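So the chains spell out like this:
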Amino acid sequence: MPTSNQDNRVDEAPKEVRELVRRFAEHAESYGAGGIGSYNETQIRREFIDPLFKALGWDIDNTAGYAEAYKDVIHEDAIKVGGATKAPDYCFRIGGVRKFFVEAKKPAVDIKTDASPAYQLRRYAWSAKLPLSILTDFQEVAIYDCRIKPSKTDKASTARTLYLRCDELPERWDELASIFSRDAILKGSFDKYAESSRRKRGTAEVDDAFLAEIEDWRDMLARNIALRNENISHRNLNFAVQRTIDRIVFLRICEDRGIEPYGTLQALTNGERVYDRLFERFRRADDRYNSGLFHFSHEKDRSDDPDDLTPSLTIDDKPLKDILRRLYYPECPYEFSVLPADILGHVYEQFLGKVIRLTAGHRAVVEEKPEVRKAGGVYYTPTYIVDYIVQNTVGKLVEGKSPQDVGGLTATYQPSKSKAAQPLSVLDPACGSGSFLLGAYQFLLDWYRDHYVSDGPLKHTAGKSPRLYQHASGEYRLTTSERKRILLSHIHGVDIDLQAVEVTKLSLLLKVLEGESAENLDAGLRLFHERALPDLANNIKCGNSLIGPDFYDNTQMSMCDEDERLRINVFDWQSEFRPIMHSGGFDAVIGNPPYVLLQSLGLPTVFAYLASKYESARYKLDTYHIFLEKSLQVAAPTGFSGFITPNTFLRNTHARALRHLILTRAMVHALQLHSFPVFSGASVDTCVIVMQRATEPERNRHKVEVSRLVAPAHVEVVGHCRQAEWDKREDLNFDIPGDEGSGEVVAKILENSDPLGDFATAYFGIQTHDRTQFVSDRQVGKTWRPCIDGVNIGRYLLTPSSEWVCFTADSIKSGGKATVYENARIGVRQIGRVPVATLLPGGVYSLNTIYNIFFTTQVEYDLRFILGLLSSRLLGWFWERHYFDQKRTFPKVKKGPLLALPIARVDFSRAEQKARHARIVSSVQEMIDLNAKAAEARQPHAKTAIQRQIDATDRQIDKLVYELYDLTDEDIRIVEEATQ
């Protein structure tokens with residue numbers, strides 16, 4: 001636990017806290033301490049707990065007047081179910097982001113030993129994925145580590161990290177304040193304490209646990225439905241299982257939010273015919289919600305077909321009872337009222353990575369989808385990435401505008417040639433579980449509410465179609481009808497996977513109902529005959545965003561079986577989104593497209609079609625390249641496009657066509673590079689690109705803001721560059737500035753140099769057919785050669801290796817040119833953020849973890865001169881600035897960038913240049929000798945003395961290199977500040 005000045009702890013407690021403690025002690029009996037009296041929870045909150053947290057710096061009463069989205073403290077509406085409170089009493093936030101809950105109890109409750117309130121708090125916080133939360137009746141304060149999965153059998157002390165009595169508060173105030181004060185959270189102390197107190201045993205993240213839960217449900221339902229419905233196909237089985245789970249999850253969440261009567265599903269576990277009675281609940285839900293989730297009969301003005309499959313299913317009672325029973329207290333650890341939308345999306349994203357297959361014996365088995373297996377798993381986009389993209393696309397579009405300006409005051413589309421007549425439209429063309437659409441929808445909900453409130457809330461609460469209502473707390477909130485209108489007017493998505501489409505709809509529908517009450521919904525149904533939810537069939541669609549109906553122009557439809565046609569799932573943008581496409585396209589296209597090399601999927605007809613239809617489909621055909629191109633095709637003439645993708649397209653040779661397309665069809669506004677793995681468990685290095693479609697982009701006058709994400713939600717602006725700088729390059733590589741002025745340094749470097757590849761090559765080392773070909777020296781025969789690995793190469797250092805390789809034609813797979821290894825050369829280790837190199841003598845062979853650099857033409861350069869430049873601070877800076885698209889876990893040096901490194905020209909006819917070359921050669925040889933001595937040194941004093949000589953020689957080489965490239969003092973400052 002963090003501590004402060006031990007001698008002054010009493011004085012550190014504010015006067016008002018000491019007064020609270022004194023007053024509570026004086027009247028403890030009347031307050032009910034020890035189980036006496038009738039002092040209730042509301043009284044203890046107002047008179048003691050609220051002042052306590054005010055003393056910790058929290059704006060309990062919102063005296064600052066912040067909008068709902070940014071209030072410090074949310075006082076949850078208490079929903080009473082069976083005498084239990086069904087929402088946390090306080091939610092403490094920073095910038096609208098939840099940090100911790102506080103659950104309040106009356107003093108008669110024994111917080112130290114009673115397990116029930118602790119379990120209640122931990123369920124709230126664990127479900128909300130909060131690390132720490134507080135349970136208190138003021139008489140006692142208990143802090144819990146809420147990353148530990150709660151169980152009904154837990155004791156009150158389980159996961160408790162701190163316990164204080166109120167009489168201890170004055171002397172231990174700093175322990176509480178250093179973690180839970182508003183100032184401490186802003187300074188990071190809360191996060192540091194949470195991390196330091198993390199328990200290694202017993203932790204179970206809520207998303208992992210809930211994923212395991214619904215995967216178990218899928219397995220149970222799939223096996224039972226396949227058993228009891230022998231004619232069901234595998235596609236219908238997947239649909240039936242997914243839809244049943246979605247409906248149960250939806251209704252259960254509505255129960256915990258107080259929208260549905262609590263325990264309705266639980267009651268179905270009593271008695272028989274569970275599925276028949278459950279389906280009656282589904283039918284009643286259709287009457288109330290109007291959602292496609294519950295659509296069983298044809299209705300006027302609904303475009304999608306009703307579900308006539310699931311009403312006729314036979315499902316046994318046992319699997320349904322098992323599922324429903326595990327959804328309720330005390331067996332259930334989840335508190336669905338606080339389960340964040342992004343957690344539900346994360347769970348479903350993983351859930352959709354598997355599919356149900358029927359065996360020859362009509363038995364259901366669940367297995368990973370082939371495309372997921374090839375991609376190495378499913379990776380959910382973190383909220384901070386979604387927020388950044390939404391802010392820089394949708395946010396830019398609504399800046400300085402009113403609801404009328406964005407066309408949002410009409411609930412239905414009116415086809416028009418004027419883009420202004422259409423509501424602002426947002427699209428995710430590969431929406432998955434809907435994380436980007438949820439982010440965009442939440443942004444627009446907040447934006448509309450803030451505008452209405454600032455415009456004078458009373459005018460928006462009146463009339464036949466009010467947009468606001470005043471909540472019991474005094475805050476203004478959007479009406480359900482307005483939330484529906486915003487969703488229908490602005491949010492659109494497409495995905496090739498029907499299950500993903502349904503999950504996106506589910507997530508958005510739950511977002512519509514967020515903060516709603518049963519009374520409001522019933523009033524709307526009663527007064528306006530308006531059901532609570534919109535039908536999203538015209539907004540979220542199933543189809544292949546990249547393949548249109550012209551796919552069959554050169555492929556006879558009769559040659560494709562039904563499964564193949566459904567898998568290809570052609571999609572006609574002009575027909576499916578006619579009003580939007582007729583008016584020019586979508587205003588914002590956002591998302592995280594799939595990253596799949598199409599060659600690996602074995603679909604030659606699809607590959608040929610895409611290669612013929614898309615300019616970016618060249619050489620290695622990656623789906624994310626095509627999605628970037630498609631985003632510009634379906635965007636409005638000045639529409640925004642924002643995606644997170646691998647960063648390989650910024651430089652890789654095979655993506656040159658894509659770079660050309662971006663430079664000629666768009667203006668890039670922002671490029672965000674990621675300095676850590678955004679997707680946990682994935683090795684892909686990513687970036688965010690935000691661009692705006694333009695028929696005649698004015699690149700010369702447009703700057704791109706380049707930033708780095710160095711930690712979640714911590715963005716650092718690197719600098720700005722002009723698109724014209726990229727356009728001038730023959731390879732169109734998207735070079736990244738290090739800071740203002742660094743472009744001039746690069747220009748000097750390139751002006752005074754030639755690429756290494758003009759006179760040298762980088763030959764990759766030996767790869768054998770069988771790793772057992774490598775042996776120790778006691779097994780050496782005539783055909784064996786001494787061999788080094790990457791680990792044997794250090795900066796100016798070669799360490800000996802005991803490995804040998806059998807160098808014969810039948811054992812060597814590649815790297816078998818003996819002449820390369822029989823001559824002196826430079827060895828560059830493949831793994832490294834920058835090239836790590838040394839001189840290799842002839843006769844030492846190298847494995848395929850090493851590049852062997854040797855001259856291919858007659859030159860006067862000495863290899864040691866080249867080694868000095870490769871190892872210099874300047875070219876290290878140049879490398880990191882240009883070749884940022886490398887893996888962070890095991891970053892690799894690639895041959896192309898290595899041969900593109902700019903080697904300073906030396907005019908050997910000029911004495912001063914020849915002498916500078918000689919001094920670098922001499923200094924490099926000294927570095928090689930010194931590093932060899934340092935490796936052999938045993939005494940600490942000797943090591944220190946040698947290291948000082950190495951450092952001095954290194955600085956001397958750097959100085960000579962700066963002179964070679966004609967850098968000024970200011971140029972040198974830019975390089976050295978960036979490489980400290």
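Just above sits the structure.
Before going into details, it helps to say that this report is about the structure given with it. For clarity, every value in this text was computed on a predicted model and none was experimentally measured.

**A look at the sheet that holds strand β31 (residues 825–829)**
Strands pair in a sheet through their backbones, by hydrogen bonds, and they do so in one of two ways: parallel or antiparallel.
Here comes step 1: Read from one edge to the other, the open sheet built from 4 strands follows the order β23-β34-β31-β32, with strand pairing classed as antiparallel. Lying at the two open borders of the sheet, with one neighbouring strand each, are β23 (760–764) and β32 (837–840). Neighbour-to-neighbour, the strand axes of the sheet open up by a mean angle of 30°, direction not taken into account.

**Considerations on the sheet that holds strand β4 (residues 90–94)**
Here comes step 1: With mixed pairing, 6 strands are arranged side by side in an open sheet as β1-β4-β5-β6-β7-β8. Edge positions in the sheet fall to β1 (73–75) and β8 (160–165), since each of these pairs with one other strand and no more. Ignoring strand direction, the axes of neighbouring strands in this sheet form an average angle of 20°.
Here comes step 2: Across the sheet, helix α4 (residues 41–55) is in contact with β1, β4, β5 (97–104) and β6 (132–136); its angle to β5 comes to roughly 135°.
Here comes step 3: Here helix α6 (residues 169–180) sits on the sheet and contacts β5, β6, β7 (140–145) and β8; the angle it forms with β8, its principal contact strand, is near 145°.

**Here's the deal with the packing of helix α29 (residues 742–751) against helix α36 (residues 969–978)**
Packed helices, taken two at a time, are described by the angle their axes make and the gap between the axes.
Here comes step 1: For the pair α29 and α36, interaxial distance at closest approach is 10 Å and the crossing angle is 110°. Considered as vectors, α29 and α36 are oriented roughly perpendicular to each other. Residues S742, V745 and K748 of α29 touch α36, and the partners they reach there are D971, I974 and V975.
Here comes step 2: Its residues placed into classes, the contact of α29 with α36 shows 3 nonpolar, 1 polar and 2 charged.

**Quick word on the packing of aromatic side chains**
Here comes step 1: What the rule picks out here adds up to 46 aromatic pairs.
Here comes step 2: An angle of 55° between the planes, with centres 5.5 Å apart, marks the rings of F24 and F138 as tilted. Placement of the pair is F24 in helix α2 (residues 15–26) and F138 in the loop between β6 and β7, with a sequence separation of 114 residues.
Here comes step 3: The exposure class of F138 is buried, given its relative accessible area of 0%.
Here comes step 4: Across the ring face of Y328, the terminal group of R252 is positioned such that the distance to the ring centre comes to 4.3 Å.
Here comes step 5: It is K541 that lies over the ring of F577; its NZ or CZ is 5.2 Å from the centre.

What counts, and at which threshold
- Residues numbered from 1 in each chain as written.
- Predicted model: local features only at pLDDT ≥ 70, side-chain atom pairs only at ≥ 80, totals over all residues.
- Heavy atoms only, no water.
- Pairing = 2+ DSSP bridges.
- Helix = DSSP H or I, 4+ residues; strand = E, 2+ residues; numbered from the N terminus.
- Axes fitted to C-alpha atoms, helices over the stretch in contact; angles between N-to-C directions.
- Contact = heavy atoms within 4.5 Å.
- Parallel < 35°, antiparallel > 145°, perpendicular 65-115°, else oblique.
- Nonpolar A, V, L, I, M, F, W, Y, C, P; charged D, E, K, R; others polar.
- Phe/Tyr/Trp six-rings, centres within 6.5 Å; stacked < 30°, edge-to-face > 60°.
- Buried < 20%, exposed > 50% of the residue type's maximum accessible area, 1.4 Å probe, protein only.
- Lys NZ or Arg CZ within 6 Å of the ring centre and 35° of its normal.

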